[in-house]
Amino acid sequence: MGKFLDEINEPKDVKVLNESQLELLSSEIREFLIDKVSKTGGHLASNLGVVELTLSLFKNFDFEEDKLIWDVGHQSYVHKILTGRKDKFDKLRTFDGLSGFPKRGESIYDSFDTGHSSTSISAALGMARARDVLGKKNKVVAVIGDGALTGGMALEALNDAGDNKTDIIVIINDNGMSIDKNVGGLSSYLSKLRLEPSYNKLKNEINDTLKSFEIGKNIALSLGKIKDSVKQLVVPSMLFEDMGWKYLGPIDGHDLKELNSVISKAKDLNTPVIIHTITKKGKGYEFAEKNPNKYHGVSPFNSINGEINGSNEITYSKAFSNAMVRLSEEREDIVAITAAMPDGTGLKEYSRLFPKRFFDVGIAEQHAVTLAAGMAAEGLKPVFAVYSTFLQRAYDQVLHDVCIQNLPVIFAIDRAGLVGEDGETHQGIFDISYLSHIPNMTIIAPKCTGELYNMLKWSINQNTPIAIRYPRGGDESNNLKPLKEIVLGKWEIIDNGEKVAIISTGKMVTNSLNAKKLLLEDNINPMIINATFIKPLDYELIDYLIKNNYKIITIEDNILKGGLGDSVLYYLNKCNYKKSIIQLGYEDEFVEHGDVKTLYEINKLDGKGIRDKVIEIMD
């Protein structure tokens, strides 16, 4: 690994190193990260950008007592290396392997589980207040990206801590990027601060000079009384200090000497402190520096030439992108909204072709939903493209601002179902449950990428809230024929059969067909039904199954409670159904990280698992 990295087994091993040794260690860590992540995949650029910052934190704090919370947490790889987990990186983000995010159950040094943006300051503030109530003396540090500050929750926490003067340190890791380029007024404000380091440099030089002789100390004290007035003249605005925070920065987030100096001083202030660091995402790896987006969450790649492994398959995100562009060429009332994810959701091309009809609101899902509601109320057809796990953050807005008013907002829910390696915080296995019980909401799912255009076109022509949920990646096979005509509440019989019907939705249709191939070897011929509509159900087809004495299995890439199977079971009970029913999905627990294929097998949602359940119900 490297001369110094070999000797790092726990945090105290960092404290004994001097700055020149830390510099060498930072280079070794970057080499380690590039080597390991190139083989496993993971979050590379963000971790390369916080190497010196992480080393400085471990140099200045004792994280057996002090608390460190990483916002989102995808940039915690260096933290994990320094806390005795470097030997586990060969199994990064694999099932039963090292998580790509902080996990309290994984290490005593992981103070708080994270995975979503803008939560760290609230969590840190809670820990700081618990410390004060319990009479402890430890320090609490939150590291948050400049993009995450666009999240309202972060601003709420800043306001609370500043008003109450709680002793807490917040480090802004300012690289000008979250996943995509940051947008919004706060981002512009931070950009202005980056351009004004002269103020802090001048202030420090004057203070240091004056305090070097006795009379100068009195002058420095007098100058301190008018510093706020001077700041208003030199710095564009003092947002943070006006909110009650001591602001230090901007400083070079790759300069270990400056980092150590500022962090050391911040520890002694006993007041809310913000340290504004400027870092470079992808630092030290040319390909990631030039294209940090590409290497944010990256598949395995060639570390020599930077070439990323993967296929050229049409993904659902790409199919959505193509559909949005095609439909928007035909209709001028379509608008697209994203919460800082134009690349991930497939809206990058749309933003280029229709800049006046594209709205990136930053990491602000709640605002995005109500923004869409306002647009719909005025006659537009807003499409909010969002990952399933992030739409959870705007549940109240979906219910209160969209569905109560029955406004025609379309939710293009990407990454529905399992996403795999990112684990519990990112698995999209709850959206059916938290949307299906809301009145006025319609939920549909394509069984293949080719079906997405027709679904989106149909949805835009409706006048009610509609959620289209689709998975990460592409189709397992190209054998499925897209449904050409979408009819409200109508399912599709994919393959006829007898005695038992398998009702599945979305990606699970393919898994059900795989199960049928195995079942035919057992002389069992199930009917395969595609539940195109998760809500409303196809009551007419269910009545047919009841009348003809079919046993029923429902399959969904969602938690069982409140899912498709529960809705079917509810109707069957109303109809006094006497035959057997089995519901397949995820049990009442979170699904950990691992590749999707392995997780399907474990949860009995692959072809073999479904086959075994059909045999069970037939017996």
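Residues numbered from 1 in each chain as written. Predicted model: local features only at pLDDT ≥ 70, side-chain atom pairs only at ≥ 80, totals over all residues. Heavy atoms only, no water.

Some remarks on the sheet that holds strand 10 (residues 442-444)
Whether parallel or antiparallel, the strands of a sheet pair through hydrogen bonds between backbone atoms.
Stage number 1. With mixed pairing, seven strands are arranged side by side in an open sheet as 7-6-8-9-11-10-15. If you trace the sheet from one side to the other, it starts and ends with strand 7 (358-360) and strand 15 (533-535), each paired once. Each strand axis lies, on average, 20° off the axis of its neighbour in the sheet, ignoring direction.
Stage number 2. Strand direction decides the pairing type here: strand 6 (residues 334-338) and strand 7, joined by three bridges, are parallel. If you follow T338 over to strand 7, its bridge partner there is D360. (Pairing = 2+ DSSP bridges. Helix = DSSP H or I, 4+ residues; strand = E, 2+ residues; numbered from the N terminus. Axes fitted to C-alpha atoms, helices over the stretch in contact; angles between N-to-C directions.)

So, the packing of aromatic side chains
Stage number 1. Tallied over the full model, the rule gives 17 aromatic pairs.
Stage number 2. The interplanar angle of 85° and the centroid separation of 5.3 Å between the aromatic rings of W458 and F533 together place this pair among those described as edge-to-face. Of this pair, W458 sits in helix 21 (residues 452-460) while F533 sits in strand 15, placing them 75 residues apart in sequence.
Stage number 3. Taken together, Y285, F287, Y295 and F301 form an aromatic cluster joined through their ring pairs.
Stage number 4. A cation over a ring is seen here: R326 above Y453, with NZ or CZ 3.8 Å from the ring centre. (Phe/Tyr/Trp six-rings, centres within 6.5 Å; stacked < 30°, edge-to-face > 60°. Lys NZ or Arg CZ within 6 Å of the ring centre and 35° of its normal.)

Considerations on the nonpolar core
Stage number 1. In this structure, F320, L391, F411, L435 and W491 are the most contacted members of the largest nonpolar core, which totals 82 residues.
Stage number 2. Counting contributing residues, this core receives three or more from each of domain 2 (316-469) and domain 3 (492-618).
Stage number 3. Dropping the residues within four chain positions of it, F320 is found in contact with T345, L347, V383, A385, A412, L452, L456 and Y470.
Stage number 4. By size, the runner-up hydrophobic cluster in this structure holds 50 residues, among which are L22, L53, V78 and A266. (Core = buried A, V, L, I, M, F, W, Y, C linked by side-chain atoms within 4.5 Å. Buried < 20%, exposed > 50% of the residue type's maximum accessible area, 1.4 Å probe, protein only. Domains from an automatic or database assignment. Contact = heavy atoms within 4.5 Å.)

Topic: the UniProt feature "binding site: thiamine diphosphate" (unreviewed entry) in the chain
Stage number 1. Residues annotated in UniProt with the feature "binding site: thiamine diphosphate" (unreviewed entry) correspond here to H74, G115, H116, S117, G147, A148, N175, Y285 and E365.
Stage number 2. Structurally, G147 can be placed in the loop between strand 2 (140-145) and helix 7 (152-164).
Stage number 3. Judged by relative accessible area, G147 falls into the buried class, the value being 2%. (UniProt positions renumbered as here; feature names shortened; annotations may be inferred.)

Quick notes on the sheet that holds strand 1 (residues 67-70)
Stage number 1. Strand order across the open sheet formed by five strands is 1-2-3-5-4, with parallel pairing between neighbours. The sheet is open, and its two borders are formed by strand 1 and strand 4 (246-252), each paired with just one other strand. Between one strand axis and the next, the sheet turns through 20° on average, direction left out of account.
Stage number 2. Note that strand 3 (residues 169-174) and strand 5 (residues 273-278) share six bridges and pair parallel. Note on strand 5: the bridge partner recorded for I172 is H276.
Stage number 3. Contacts between helix 6 (residues 120-134) and the sheet are confined to strand 1, strand 2 and strand 3, with strand 2 contributing the most and set at about 175° to the helix.

Some words on the pairing of strand 17 (residues 581-586)
Stage number 1. Bridge analysis of strand 16 (residues 551-559) against strand 17 gives five bridges, and the strand direction is parallel. Bridged to I559 within strand 17 is Y586.
Stage number 2. The parallel pair strand 16 and strand 17 is bridged by helix 24 (residues 564-574), and the resulting crossover is right-handed. (Right-handed = clockwise from strand over helix to strand, strands pointing away.)

Section: the confidence of the model for the chain
Stage number 1. Here the chain averages 91 in pLDDT, and 90% of its residues register 70 or above.
Stage number 2. The model gives residues 225-237 a pLDDT under 50, and that stretch makes 15 contacts with residues more than four places away or in other chains. (pLDDT = per-residue confidence, 0-100.)

What about the pattern of salt bridges?
Should their charged atoms come close, side chains of opposite charge can pair.
Stage number 1. Summed over the entire model, instances satisfying the criterion amount to 28 salt bridges.
Stage number 2. With a shortest N-O distance of 2.8 Å, D90 and K36 are connected by a salt bridge. Within this pair, whereas D90 is found in the loop between helix 5 (77-85) and helix 6, its partner K36 is found in helix 2 (residues 19-40), the two being separated by 54 residues in sequence.
Stage number 3. Here D90 falls in the exposed class, since its relative accessible area comes to 52%.
Stage number 4. You can call K36 buried: its relative accessible area is 15%.
Stage number 5. For K447, the salt bridge is made with E492, and the minimal N-O distance between the two is 3.0 Å. Linking K447 in the loop between strand 10 and helix 21 with E492 in strand 12 (residues 492-495), this pair joins segments that are 45 residues apart in sequence.
Stage number 6. K447 sits in the buried class, given a relative accessible area of 2%.
Stage number 7. Salt bridges sharing common partners tie together K80, R85, E106 and D110. (Salt bridge = Lys/Arg side-chain N within 4 Å of Asp/Glu carboxyl O.)

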